Amino acid sequence: MACPYLAQVTMVFCQASPAKKLIPSDRITTASSCEADERWRECPLYRESMDRALHVIEEHEEELHPAGPKGGTP
């Protein structure tokens, strides 16, 4: 006999958000920015997250390939 107090619920969260708050998937509407076709790209939190990630990548690239002195001899 199954326990009447337990239920299986699928949860989702925004991976770009600093606070991981689980939301039951049955409470999300298809009108949300994340669930619609390619509309997640318009999410301000996603855009901020991508900007931070690109900045880190650029810093890492600069560390790997530092710009030498300009106009100097190699």
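One numbering rule holds for all chains: residues counted from 1, following each sequence as written. Where totals are concerned, whole chains, interfaces and linings use all residues; where local detail is concerned, this predicted model gives features only for residues with pLDDT of at least 70, and gives and counts side-chain atom pairs only at 80 or more. As a convention, hydrogens and water are excluded, and side-chain values are obtained from all of the structure's heavy atoms.

Some details on the overall build of the protein chain
Here is step 1 of the chain: Secondary structure assignment for the protein chain yields 1 helix and 2 strands.
Here is step 2 of the chain: A run of DSSP states H or I qualifies as a helix once it reaches four residues; a run of E qualifies as a strand once it reaches two. Both are numbered from the N-terminal end. Put simply, the protein chain runs from its N terminus to its C terminus through helices and strands in the order β-β-α.
Here is step 3 of the chain: Note on classification: 1.4 Å probe, protein chains only; a residue is buried when its accessible area is under 20% of the maximum for its type, exposed when over 50%, partly exposed between these limits. In the protein chain, which comprises 74 residues, the proportion classed as buried is 7%.
Here is step 4 of the chain: Should any heavy atoms of two residues lie within 4.5 Å, those residues are counted as being in contact. Sequence separation of 24 or more characterises 22% of the internal contacts of the protein chain that already satisfy a separation of 6 or more.

Description of a nonpolar patch on the surface
Here is step 1 of the chain: On the surface, Val9, Met11, Phe13 and Leu22 cluster together to form a nonpolar patch covering roughly 370 Å² of accessible area.
Here is step 2 of the chain: Among the secondary structure elements, leucine 22 is positioned in the loop between strand 1 (11-12) and strand 2 (23-24). To count toward a patch, a residue needs a relative accessible area over 30% and no salt bridge; like charges are then connected within 9 Å, while nonpolar side chains (Val, Leu, Ile, Met, Phe, Trp, Tyr) are connected within 5 Å. The Shrake-Rupley method, run with a 1.4 Å probe, gives the accessible areas here. Residue values count only the displayed protein chains as cover. Only one rule defines a salt bridge in this text: a Lys or Arg side-chain nitrogen within 4 Å of an Asp or Glu carboxyl oxygen.

Quick notes on the confidence of the model for the protein chain
Here is step 1 of the chain: In predicted models, pLDDT denotes the confidence assigned by the predictor to each residue on a 0 to 100 scale. Averaged over every residue, the pLDDT of the protein chain is 76; the share at 70 or more is 76%.
Here is step 2 of the chain: Put simply, strand 2 is where the protein chain has its lowest mean pLDDT, 81, and helix 1 (residues 44-64) is where it has its highest, 86.

Concerning the pattern of salt bridges
Here is step 1 of the chain: This structure, assessed with the given rule, holds 1 salt bridge.
Here is step 2 of the chain: Between arginine 52 and glutamate 48 there is a salt bridge, with its nearest N and O atoms 2.9 Å apart. With arginine 52 and glutamate 48 both in helix 1 and 4 residues apart, the pair spans about one turn of that helix.
Here is step 3 of the chain: Judged by its relative accessible area of 44%, glutamate 48 is partly exposed.

Examining the environment of leucine 22
Here is step 1 of the chain: Considering only alpha carbons, one finds leucine 22 and methionine 11, 11 residues apart in sequence, at a separation of 5.8 Å.
Here is step 2 of the chain: Those residues within four positions of leucine 22 in sequence are excluded, and the remaining contacts are Met11, Val12 and Phe13.

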